[in-house]
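Coordinate analysis (summary)
Single-letter residue listing:
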Amino acid sequence: METIIIPFITGDGVGAEITPSMQTLVDAAVQRAYTGSRQIKWEEVWAGERAYERLGTWLPDATIEAFATHRIGIKGPLTTPVGGGIRSLNVALRQTLDLYVCLRPVRWYTGVHSPLKHPEQVNMTVFRENTEDIYAGIEWEAGTPQAQRFYRFLHDEMNVDRVRFPESSSFGVKPVSREGTERLVRAACQYALANGLPAVTLVHKGNIMKYTEGNFKKWGYELAQREFAEPLADGRLTINDCIADAFLQNTLLTPELYSVIATLNLNGDYISDQLAAMVGGIGIAPGANINYQTGHAIFEATHGTAPGIAGKNTVNPCSIILSAVMMLQYMGWGEAAALIETALEQAFTAGKATADLARFMPNGTALSTTLFTQEIAARIETE
């Protein structure tokens, strides 16, 4: 029997409901697909509010070590501490393990309400740079000695005289490197070729930020032309680019023109959430944080902890379920992944969903989290 150990973080808020739902369906699909020849052994690790209450720390070293050792893991949503300390637990995990790609596939499932007339035309995968840009967290608050010192450096050493209100300005630094750009664009191009997708689009704001986002575009093109010259020449791969604001408009008007997107962190934040809304919302948006060089990957629910509905058995678990589908695909267990995805789409087509989705379906039947999980499990077991 092939057994894979998967560390998991239950998560805070609704994590206590969605994570067991996901595990139930993954176990059912693995059993159905492989009839006992493969299995997952779940190993709980801790982070967030639950970790703080249990262990007195928001992100224990043992959690990082488990993800580092086993390479593949999955997590629910986490509360970030208010005040000092870790700015974001999610960012801390990504940076500690150098998970430089935030992978966000977006597609429409039959039966799910969308604001678009033709949501079936939306089928994109976003490669969002995960370690640089403003998410590097390099900033200084207005009025602090550090901000004043930084301004003096800009003004006195770098001859910058375009800060209009220096005394009341906060400052941030936006690092964008050639190495960070190249490894992201390389991963996007390899993904496009492996999946028979026609084009990689570099999305940037290089018309304004010429040396950060502009170089992202420049270095991205150079990498593609240097390392993927043959597929570019024979037409298996196309690389192009688009200004970020135009891209957001284009995805609403002509989404069918795009397949794989490579972009910086802040742009990717906006883009992935807009695309999710176009196919039904963040509740069915999966995501992963991956280092394609080391193989480390953490799959995650892309929404927050939703404390207002925690414990009410109404939360939609589809984001973490579909992230688990991505995880199974990443492991090479595609048969189990397909069983879950098929069962979900069958349920949506029949109008069976949690209330957030069912209320927009013409034949919608609102199910609790528990009943929805049972509905999907039953469909998996009969496929």
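What this report covers is the structure whose coordinates are included nearby. Here the structure is a predicted model, which means the values were calculated and not measured. (Residues numbered from 1 in each chain as written. Predicted model: local features only at pLDDT ≥ 70, side-chain atom pairs only at ≥ 80, totals over all residues. Heavy atoms only, no water.)

**Examining the overall build of the protein chain**
Scanning the protein chain from N- to C-terminus turns up 14 helices and 14 strands. For 383 residues, the compact-globule estimate of 2.2 N^0.38 gives 21 Å, and the C-alpha radius of gyration of the protein chain, at 22 Å, lies within 12% of that figure. Dimensions along the principal axes, computed over C-alpha positions, put the protein chain at roughly 70 × 55 × 45 Å. Taken across its 383 residues, the protein chain has 51% of its residues classed as buried. Considering only residue pairs separated by 6 or more positions, the protein chain has 74% of its internal contacts joining residues 24 or more positions apart. About 17,200 Å² of surface is accessible on the protein chain, with carbon and sulfur atoms providing 52% of the total. Distance between charge centroids for the protein chain: 2 Å, based on 31 positive and 41 negative side chains. (Helix = DSSP H or I, 4+ residues; strand = E, 2+ residues; numbered from the N terminus. Rg over C-alpha atoms; globule rule 2.2 N^0.38 Å. Buried < 20%, exposed > 50% of the residue type's maximum accessible area, 1.4 Å probe, protein only. Contact = heavy atoms within 4.5 Å. Areas by Shrake-Rupley, 256 points an atom, 1.4 Å probe, with all protein chains shown as cover. Lys, Arg positive; Asp, Glu negative; His and termini not counted. Charge placed at Lys NZ, Arg CZ, Asp CG, Glu CD.)

**Some thoughts on unusual backbone geometry**
Located in the positive-phi region is Asp98, a residue other than glycine, with phi close to 55°. Positionally, Asp98 belongs in the loop between helix H4 (89-96) and strand E4 (101-107). Even without a glycine there, the phi angle at Asn313 is positive, about 60°. Among the secondary structure elements, Asn313 is positioned in the loop between strand E12 (297-301) and helix H11 (318-331).

**Points about the pairing of strand E11 (residues 286-290)**
Burial analysis of E11 places 5 of its 5 residues in the buried class, the great majority of the element. Residues Pro286, Ala288 and Ile290 point to one face of E11 and Gly287 and Asn289 to the other, with burial holding for every one of them. With 5 bridges connecting them, E11 and E12 associate as antiparallel partners. Bridging from a neighbouring strand, Gly287 pairs with Glu300 of E12. (Pairing = 2+ DSSP bridges.)

**What about the environment of Ile321?**
Its place among the elements puts Ile321 in helix H11. The residues touching Ile321, leaving out its near neighbours within four places in the chain, are Ser21, Met22, Leu25, Ile340, Leu344 and Phe372.

**Things to note about the nonpolar core**
Nonpolar side chains in soluble globular proteins tend to end up buried together. Counting residues in hydrophobic clusters, the biggest one holds 92 residues, and the most contacted among them are Ile40, Ile74, Leu328 and Phe348. Looking at this core element by element, the count peaks at 10 residues for H11. Sequence-distant contacts of Leu328, that is, excluding residues within four places in its chain, are made with Val26, Val30, Ile40, Trp333, Gly334, Ala336, Ala337 and Ile340. One finds Ile9, Phe67, Leu89 and Ile298 within the second-largest nonpolar core, a separate group that totals 14 residues. (Core = buried A, V, L, I, M, F, W, Y, C linked by side-chain atoms within 4.5 Å.)

**Focus on the side chain of Arg94**
Locating Arg94 in the fold gives a position in helix H4. Reaching out from Arg94, the side chain makes a polar contact with the side chain of Asn289 at a distance of 3.0 Å. (Polar contact = N/O pair within 3.5 Å; in protein donor to acceptor, adjacent residues only side chain to side chain.)

**Quick look at the packing of aromatic side chains**
This model, assessed by the stated rule, comprises 12 aromatic pairs. With 6.4 Å between their ring centres and 65° between their planes, Tyr109 and Phe348 make a pair best called edge-to-face. Pair noted here: Tyr109 is in the loop between E4 and strand E5 (123-129) and Phe348 is in helix H12 (residues 334-349), with a separation of 239 residues, a long-range link. Grouping residues by exposure puts Tyr109 and Phe348 together as buried. (Phe/Tyr/Trp six-rings, centres within 6.5 Å; stacked < 30°, edge-to-face > 60°.)

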